[in-house]
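So the chains spell out like this:
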Amino acid sequence: MLYNNAPIRRQDRLLDEQAAYLLLQQGEYGVLSLVDPQGRPYGIPANYVWDATSGLYIHCAPEGKKLQCISQHAAASFCVVGATRIVPAQFSTAYQSIILKGQARLGLPPEERKHAIELILRKYAPDHLEIGLKYAQKSFYRTEIIRFDIQEMSGKSKNIPQ
């Protein structure tokens, strides 16, 4: 995975690589942007988990528009926005964000799907892991996992003192 801020126009607003990885790890959700089978853009918010290497996992139903899009066009982007703060007196917003470019993958082996579900549960329901794993086992056949292989990432931020 390449961390590349070179294309960013506002070089004074770069998010350093360490802060970008922290946002990727701690972000609550992101927006998955795809191309639908008719060639139109399609973006949808999604919970995710980063595998701490080069990919994200997103869970969803085993059918639907996301999966149709990915089946036709694997290229995708994913955007995570961290904490924001509107600063009315300066007509501005303090923020952190990252944009990931990559490929969305379907049809993962069962063991990888189970691993992804456990990572998701550890992130979003760490105090309910045991019950969550039992629930996931019962509903495993009704769950699809998308693996988003990150090829490139960039990040921006605007810090405004309070």
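Computed from a prediction, not measured in an experiment: that's the story for all the values here.

**Observations regarding the overall build of the chain**
Right, on to step 1. Check the secondary structure of the chain and you find 4 helices and 9 strands.
Right, on to step 2. Each helix and strand of the chain, placed in order from N terminus to C terminus, yields the pattern β-α-β-β-β-β-α-β-β-β-α-α-β.
Right, on to step 3. Considered along the principal axes of its C-alpha atoms, the chain spans approximately 50 × 40 × 30 Å.
Right, on to step 4. Burial status across the chain gives 41% buried among its 162 residues.
Right, on to step 5. Taking contacts inside the chain between residues at least 6 apart in sequence as the whole, the part at least 24 apart equals 72%.
Right, on to step 6. Put simply, the chain shows about 9,700 Å² of open surface, and 52% of that area lies on carbon and sulfur atoms.
Right, on to step 7. If the 19 positive side-chain charges of the chain are averaged to one point and the 15 negative ones to another, these points end up 7 Å apart.

**Topic: the packing of helix H3 (residues 110-124) against helix H4 (residues 129-138)**
Right, on to step 1. Direction vectors running N to C along H3 and H4 enclose 145°, while the axes themselves pass 10 Å from each other. As for the relative orientation of H3 and H4, their crossing is right-handed in sense. Contact with H3, carried on its side by Ile-117, Glu-118, Leu-121 and Arg-122, involves Leu-129, Gly-132, Leu-133 and Ala-136 of H4 and no other residues of that element.
Right, on to step 2. Partitioning the contact of H3 with H4 into residue classes produces 5 nonpolar, 1 polar and 2 charged.

**Details of the pairing of strand S3 (residues 41-46)**
Right, on to step 1. Pairing of strand S2 (residues 30-35) with S3, which is carried by 6 bridges, proceeds in the antiparallel orientation. Residue Gly-30 lies in a different strand from S3, and its bridge partner there is Ala-46.
Right, on to step 2. The loop that links S2 with its antiparallel partner S3 comprises 5 residues; one of these, Gly-39, has a positive phi angle of about 85°.

**Quick notes on the pattern of salt bridges**
Any two side chains of opposite charge can pair if their charged atoms end up close together.
Right, on to step 1. Summed over the entire model, instances satisfying the criterion amount to 8 salt bridges.
Right, on to step 2. A salt bridge links Arg-122 to Glu-118; the shortest N-O distance between them is 2.8 Å. Linking Arg-122 with Glu-118, this pair stays in helix H3, spanning 4 residues, or about one helical turn.
Right, on to step 3. With a relative accessible area of 47%, Arg-122 lands in the partly exposed category.
Right, on to step 4. For Glu-118, a relative accessible area of 28% translates into the label partly exposed.
Right, on to step 5. Between Glu-130 and Lys-134 there is a salt bridge whose closest N-O contact spans 3.8 Å. With Glu-130 and Lys-134 both in helix H4, this residue pair falls 4 residues apart, about one helical turn.

**A short note on helix H2 (residues 65-72)**
Right, on to step 1. Lys-66, Leu-67, Cys-69 and Ile-70 are the residues of H2 that are buried. Along the axis of H2, the buried residues cluster in a sector spanning 160°; they form a single face. Turned more than 90 degrees from where H2 packs its buried face, Ser-71 and Gln-72 sit exposed.

**Some details on helix H1 (residues 17-26)**
Right, on to step 1. Listed as buried for H1 are Ala-19, Ala-20, Leu-23 and Leu-24. All buried residues of H1 lie within an arc of 140° about the axis, which places them on one face of the element. Across H1 from its buried face, at more than 90 degrees, point the exposed residues Gln-18 and Gln-26.
Right, on to step 2. Buried positions along H1 lie against strand S1 (2-3), strand S4 (49-50), strand S5 (55-60), strand S6 (75-81), strand S8 (92-105) and strand S9 (144-158).

**Quick notes on the nonpolar core**
Right, on to step 1. Membership of the largest hydrophobic core comes to 28 residues, with the highest contact counts inside it found for Leu-24, Leu-56, Phe-78, Ile-98 and Leu-100.
Right, on to step 2. Judged by nonpolar contacts, the second largest core, of 12 residues, contains Tyr-57, Ala-116, Ile-120 and Leu-121.

**Side note on unusual backbone geometry**
Right, on to step 1. A positive phi angle, close to 70°, is found at Ala-52, a residue other than glycine.
Right, on to step 2. Position of Ala-52 among the secondary structure elements: in the loop between S4 and S5.
Right, on to step 3. The phi dihedral of Phe-91 falls on the positive side, at around 50°, and the residue is not glycine.
Right, on to step 4. Looking at the element boundaries, Phe-91 is found in the loop between strand S7 (85-87) and S8.

What counts, and where the lines are drawn
- Counting restarts for each chain: residues are numbered from 1 in the order of the written sequence.
- Totals for whole chains, interfaces and linings use all residues, but because this is a predicted model, local features are given only for residues with pLDDT of at least 70 and pairs of side-chain atoms are given and counted only at 80 or more.
- Water and hydrogen atoms play no part in the side-chain values, which are based on all heavy atoms of the structure.
- Segments assigned H or I by DSSP are reported as helices when at least four residues long, segments assigned E as strands when at least two residues long, and all are numbered from the N terminus.
- Here the term buried applies to any residue with accessible area under 20% of the maximum for its type, exposed to any over 50%, and partly exposed to those in between, with areas from a 1.4 Å probe on protein chains only.
- We call two residues in contact when some of their heavy atoms are within 4.5 Å.
- The Shrake-Rupley method, run with a 1.4 Å probe, gives the accessible areas here. Residue values count only the displayed protein chains as cover.
- Note that His is not counted, nor are the chain ends; the positive residues are Lys and Arg, and the negative ones are Asp and Glu.
- One atom stands in for each charge, and that atom is NZ of Lys, CZ of Arg, CG of Asp or CD of Glu.
- Lines fitted to C-alpha atoms define the axes, with helix axes restricted to the stretch in contact, and inter-axis angles between N-to-C directions lie between 0 and 180 degrees.
- Take the far helix as your reference; a near helix turned counterclockwise from it by less than a right angle gives a left-handed crossing, and one turned clockwise gives a right-handed crossing.
- Residue classes follow a fixed rule: Ala, Val, Leu, Ile, Met, Phe, Trp, Tyr, Cys and Pro count as nonpolar, while Asp, Glu, Lys and Arg count as charged, and any other residue, Gly among them, counts as polar.
- In this description, strands pair whenever DSSP reports at least two bridges between them.
- Criterion for a salt bridge: a side-chain nitrogen of Lys or Arg within 4 Å of a carboxyl oxygen of Asp or Glu.
- For this quantity, the arc is that covered by the directions from the helix axis to the C-beta atoms.
- Each nonpolar core is a collection of buried residues, namely Ala, Val, Leu, Ile, Met, Phe, Trp, Tyr and Cys, held together in the definition by side-chain atoms within 4.5 Å.

By themselves, these figures tell us nothing about what the structure is for.
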